[in-house]
Structure formats: structure tokens, C-alpha cells
Amino acid sequence: MITLPNIDSLSLQEQVAQMIAIRASGYLYDHQIQYPNWEPPNQTLQTWISRYGVGGVILMGGSAPEVYLRSQQLHSWAGIPLLIAADVEEGVGQRFEGATCFPPPMALSNLASPHTAINMAERMGAVTAQEAKAIGLNWLMAPVVDVNNNPANPVINVRSFAENSMEVSRLGSAFIRGAKSHAVLTTAKHFPGHGDTAIDSHLQTPTIDCDRERFTNVELPPFASAIAAGVDAVMTAHVYAPVLDAQYIATLSPKIVTDLLRQEMRFDGLIVTDALVMAGIADRYTVEQVAVQAVMAGADILLMPVDPVATIEAICAAVEAGKISRYRIKASLERIWKAKTRVCGEQPALDELYTNLGSEENLQASQEITVNSLRIHKPPSLAPLRDRQAIDLLIVDDQLTCTEFLSPRSAAVAVPSQLGYPHLILDRYTLPYVKLEGYPHVLLQIFSRGNPFRGSVDLHEQIGKLITELVEQDKLAAIAVYGSPYNLDRIIPLLPPGIPWTFSYSQLPAAQLAVMQALGLAAV
């Protein structure tokens, strides 16, 4: 067990700095930084940690072994052990290469039985926590316990476990129970609920315009279940819920953060804001306004402030002016100390990278969810697709980012290629210009899911038009849809019953192979 300094021995600036969690690149070197607006160079990062004493870091990007080294580097700069977090809702491999990546959480709700789904959610939580700990992470920014009851939601979507409150409660709690088998923190997000929105809070401020009864019966129960399951932290949402607070968005609302979450729901763990660089809050207030109001609302940790130093200074000035009490700061520090005492122990041994990361057992858990959550429509009288001459037409949200899941070796490309199918990758910019007159048949593969910061990338009208034309010309051989089931729901009414289709929540190569096998294009 670590020994932390007495809170009263710290200066006010040192205390406030412990309430700040900054973003950093998981890569080791400055020239590897991918998001310079949010990820500081190493010299600045070291200054924030060693001189100002920020209390936490959230990492993005890099390989798992690299993050292992990065976490050690960060701790070496810190006078007080750090909380090191990552958004790993779909496993550590979602962010860091080499680790296990799971399908999106909503895949669990499509498994054969509720019992199986709960077992797999618990296993998913355990694997994620185990692998996070192995590379030096001690805080999971997961699970999402929003109820995705709006199919047009561009930011939650398949990150949610389900469309109904009861199922989200069961699966979210199971994930937390699994994760608690290892010394890492868990986070239920995004309070008081971000499911019933059609706007991405990374880009704008959504409004949830429903009555209090709806919150009580639908949005809040998964958070109550997470609290009962022992979740360590709750993340607030940058959403406006006028029935709960007509003045402030949730992150800055004392009525929502303190009165509802802390007092009415009796949550005594960490309350952390969603990223404060998000336009849903950053475009509405100054850095200083956000800093002071978030603490006054009841936040213990301010995540990714636009300017960490200005944030610390603004909170200190508010305390000195009597706007925020020193007791309020100390109360947050006591919760942070409790969390750090539990998870900031010795650094993981190098052997854990080899034994716990991407192991056969962990990968098998991911594969079981992937395969068993597929949705398949294969007409019994279908002629073998392998015998057809076709073009492999792959549609993605953006060709510049599809390399995360598509390459010449990916099954969605490689398997049809082995059958002699040429391939063509299109996005919303190039799809209107495609010409398919020279191809007798088309294997259509669609990769599209809700993605934060990308808004609602609406390919649906273009895809619908293409499918209608291919059906009329009797060219459509089969369809594979990866990502959001809501995209599939829009497509099915356009298809004659004789067209085979397969849906996968995951877009990763292992899922692509399972889809190719389901369509009869690859051997099982």
C-alpha cells in the first residue's frame, strides 16, 4: 500500500492540482503526437506534472508496451502517484495496439440469453481491467451506462449496452463486478444520461427535453445499479436537462451533481467531468468559468481542461475570494486519496505484458462475443457466392481513418480478393461518383458507426439510393454491415428476401472473417 502525504501539508495550489486530469499522448516522443491541440509536448507535460502537481493523466494512442513505458515515465515525474486513465470501453486494445479489443458493448445484448450476456459482460470487465493494470493504467473510463433509446444518437450508439434501462443496468453492473477483480477504478458515464440525444456533445450542447419521471424510470436506474455494484467514479455529461436544472448544463449543475447524484443517489465516490475541451462546454464558457463552476457543482476531478494552469489558478482564486470553501477542496482530496490508496501501488512487472496482454484466453472471450452476436440472413436456396464474379465495394465513413480496421490483409478485402473480386473503397465524398456498369455483381460491405467528434455522418441517403439501384439491376449479391445496427435497420426494408446479409457490431479483422464465413465466402 502506498503512503500519500497528509492533505493539510499541501499548499492550496498543490491540493487543487490533484483535482486536474490532463490528456497526454500514449506515444513516447513528441514527433508522434497525433492531436497537438490536446496533447502537450513532453516538456510541457513534465512541467504540469512535476511543477504544478496535476493528479491524473488520460492517455490516447500508442502500443500497449509503449504505454507501459509511458506510465512509468509519468510516475517518475510525479511527486504524488498519478491516476492514469484511458477510454477503454471496448477493451484495452481499443486504444493501445497489442491488447485485447472487444466488440462494442451493445453486442452483448444480442447474445443468446441474458445469462450468457451477463457472464460475458463480467468477463469483458475482468479482461479489460487485467490488461489495463498490466500496462500501468489504474483507471478505466468505462463502462458507458447510458440507455441508447434514440437510434439517431451519433455519439453513444453502440457504446451503450442496450436500448432499455433494465438491460443496461444488468450488463453495466456485470462489467463493473468483473473489473473490480483487479486494482483499477471504474467509471459509469455519462450522468444523468446521454442516450436520448441526437447531437454529439463533442460538437454541440445536446438538450434532453423529457420529464422527471422519464429520468427516474429510464436514465437514472443504470447509474443506481452501477453505484450498488461499487463503481468508483461517475462521469458527468455536457448535456442540458431543463427539468433537472433550467440554468446549467449537467457538468456545471449543483442540482444535478450534488443534490441528485451525491445526496439523493448517495454516491460517495469520485465525480469526474467529461472532457472539458469538448465544444458542448468549451464553446459556452471561459476556462475560468468552467473551472470554478464545475467545482461548485460538486466535481472532484476536472478532466482535460483547455488550459490546466489557468484552471488551477482560477479555482485557487475562487477559494481565496471565499467563493469556494477550503472544506470543499479537502472533501474532493479525501476521495481522490481513497482512490489512489486502492489502485496506485507498485508498477506492474514486465512479465505481465507477456502473460496478461492479448492472451489466447482473452482473445477467445472477444471472439465468442463477436461470433455469437452476429445477425445473419442467408436464404436456403441461395447459389454459392463464391461462384459469382463480383466487385467488393467497401463503404466507410472516411477513407482517411478506415485504416484502423481495413488493410490489404483484412478479411473484408483479402477473402474476396482470393476469389478474384477487385475491391473499391468509397466514402461520402466519393460514393456519388462510383460507376459499376462493368461489374455483373456487387458484394456491398458497409462500415459505419457513431463516432465522437465526427458528428452524424449521414451516408444513409447515398447508400439507400445505391442499394435500390443495385436491386433494380439485379446486381446485388450480398450485403455485410459492420458497426451500428441502426444502419442495418434502414437497409433491410430495401432488400428482397433473396438477398443474403450479415451484421457485425465489430469492424475489426476477426469480425470481418466471421462475416465472410457466415456469407459462405470463407471456409469455417
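Remember, predicted model here, so these are calculated numbers, not experimental data.

Student: Tell me about the state of the cysteines, and please be specific about residues and values.
Tutor: Taken as a whole, this structure holds zero disulfides when the rule is applied. This cysteine, C101, is not joined by any disulfide, and C402 carries the nearest cysteine sulfur, 16 Å off. For C101, a relative accessible area of 18% puts it in the buried group. Of the residues examined, C402 reaches a relative accessible area of 5% and is grouped as buried.

Student: Lay out the layout of surface pockets with the relevant residues and their values.
Tutor: Any empty space left between atoms is shown by rolling a water-sized probe over those atoms. Of the volumes computed, that of the second largest pocket is approximately 340 Å³. What lines the second largest pocket is a set of 13 residues, among which L431, P432, V434, L466 and E469 lie closest to the centre. Taken together, the residues of the lining of the second largest pocket sort by class into six nonpolar, two polar and five charged.

Student: Pulling in residues and values, what's your account of the nonpolar core?
Tutor: Counting residues in hydrophobic clusters, the biggest one holds 158 residues, and the most contacted among them are I49, I135 and L444. Counting 23 residues, the second-largest nonpolar core is a separate cluster that includes F405, L406, Y482 and L519.

Student: Pulling in residues and values, what's your account of the sheet that holds strand β5 (residues 187–191)?
Tutor: The three strands are arranged β5-β6-β7 in an open sheet whose pairing can be described as parallel. Strands with a single pairing partner mark the edges of an open sheet, and in this sheet they are β5 and β7 (270–272). The average angle at which neighbouring strand axes cross in this sheet is 25°, direction not considered. Bridge count for strand β6 (residues 233–236) against β7 is three bridges, and the pairing is parallel.

Student: I'd like a rundown of the packing of helix α2 (residues 42–51) against helix α3 (residues 64–77), residues and numbers included.
Tutor: Packing of α2 against α3 leaves a shortest axis separation of 8 Å and a crossing angle of 50°. With respect to their mutual orientation, α2 and α3 come out oblique. Of α3, the residues touching α2 (which contributes N42, L45, Q46, I49 and S50) are R70, Q73, L74 and W77. For the contact of α2 with α3, the residue count by class is four nonpolar, four polar and one charged.

Student: Can you tell me about the environment of E320, naming the residues and giving the values?
Tutor: The residue E320 is located in helix α11 (residues 308–320) in this model. Take E320: its relative accessible area is 57%, and that puts it in the exposed class. Taking the C-alpha atoms as reference points, E320 and L12, 308 residues apart in sequence, are found 9.2 Å from one another. In contact with E320, other than residues within four places in its own chain, are L12 and R326.

Student: Which residues make up helix α15 (residues 411–418), and what values do they have?
Tutor: Counting buried residues along α15, six of its eight residues qualify, which places the element largely inside the surrounding structure. Along α15, the residues that are buried comprise A411, A412, V413, A414, V415 and P416. Contact partners of the buried residues in α15: β10 (391–396), β11 (423–426), β12 (442–448), β13 (476–483) and α18 (509–518). Of the residues trailing α15, G420 is marked for its positive phi of about 90°.

Student: Which residues make up α11, and what values go with them?
Tutor: A rise of 1.5 Å per residue sets the reference length of α11, with its 13 residues, at 18 Å; its end C-alpha atoms lie 18 Å apart and thus fit the reference within 8%. α11 sits mainly inside the fold: ten of its 13 residues count as buried. In this fold, the buried residues of α11 make contact with α1 (12–17), β1 (20–25), α2, α10 (287–297), β8 (302–303) and α12 (326–343). Its side-chain oxygen 3.2 Å from the backbone nitrogen of V309, D307 forms the N-cap of α11. Of the residues flanking the end of α11, it is G322, one or two places downstream, whose phi is positive at about 85°.

Student: Talk me through the sheet that holds strand β2 (residues 56–60); I want residue IDs and the actual numbers.
Tutor: On the basis of which strands lie adjacent, the open sheet formed by five strands has the order β4-β3-β2-β1-β8 and parallel pairing. Looking at which strands have only one partner, the edges of the open sheet turn out to be β4 (139–140) and β8. Two strands pair when backbone bridges link them, and β2 and strand β3 (residues 83–86) are joined in this way by three bridges, in the parallel orientation. Paired with G56 across the strands is L83, a residue of β3. On top of the sheet, α3 reaches β1, β2 and β3; it is set at about 160° to β2, its chief contact.

Student: Quick rundown of empty space enclosed by the protein? Include the residues and the values.
Tutor: All told, the structure shown has one cavity of 30 Å³ or more when counted by the stated rule. In this structure, the largest cavity occupies an estimated 30 Å³ of space. Taken together, Q18, M19, I20, A21, G55, G56, L83, W139 and I301 make up the lining of the largest cavity. Along the lines of polarity and charge, the residues of the lining of the largest cavity split into six nonpolar, three polar and no charged.

Student: Which residues make up the environment of A86, and what values go with them?
Tutor: Mapped onto the secondary structure, A86 falls in strand β3. For the pair A86 and I176, spaced 90 residues apart in the sequence, the C-alpha separation amounts to 16 Å. Excluding anything up to four places from it in sequence, A86 contacts I58, L59, F96, L137, W139, L140 and M141.

Student: Before we move on, can you summarise the pairing of β1 with the specific residues and values?
Tutor: Counting buried positions along β1 yields six of six residues, so the element is predominantly enclosed. Side-chain alternation along β1 places I20, I22 and A24 on one buried face and A21, R23 and S25 on a second face that is also buried. Pairing of β1 with β8 involves two bridges; the strand directions are parallel. Bridge assignment links A21 to a residue of β8, and that residue is L303. Here β1 runs beside β2; their pairing, made up of five bridges, is parallel. Paired with A21 across the strands is G56, a residue of β2. This β-α-β element, β1 to α2 to β2, shows right-handed connectivity.

About the cut-offs
Residues numbered from 1 in each chain as written. Predicted model: local features only at pLDDT ≥ 70, side-chain atom pairs only at ≥ 80, totals over all residues. Heavy atoms only, no water. Disulfide = S-S within 2.5 Å. Buried < 20%, exposed > 50% of the residue type's maximum accessible area, 1.4 Å probe, protein only. 1 Å grid on protein atoms, 1.4 Å probe; cavity = no way out; pocket = protein on both sides within 12 Å on 5 of 7 lines; lining within 4 Å. Points joined across faces, edges and corners; volume = space filled by probe spheres on them. Nonpolar A, V, L, I, M, F, W, Y, C, P; charged D, E, K, R; others polar. Core = buried A, V, L, I, M, F, W, Y, C linked by side-chain atoms within 4.5 Å. Pairing = 2+ DSSP bridges. Helix = DSSP H or I, 4+ residues; strand = E, 2+ residues; numbered from the N terminus. Axes fitted to C-alpha atoms, helices over the stretch in contact; angles between N-to-C directions. Parallel < 35°, antiparallel > 145°, perpendicular 65-115°, else oblique. Contact = heavy atoms within 4.5 Å. Expected span 1.5 Å × (residues − 1). Polar contact = N/O pair within 3.5 Å; in protein donor to acceptor, adjacent residues only side chain to side chain. Right-handed = clockwise from strand over helix to strand, strands pointing away.

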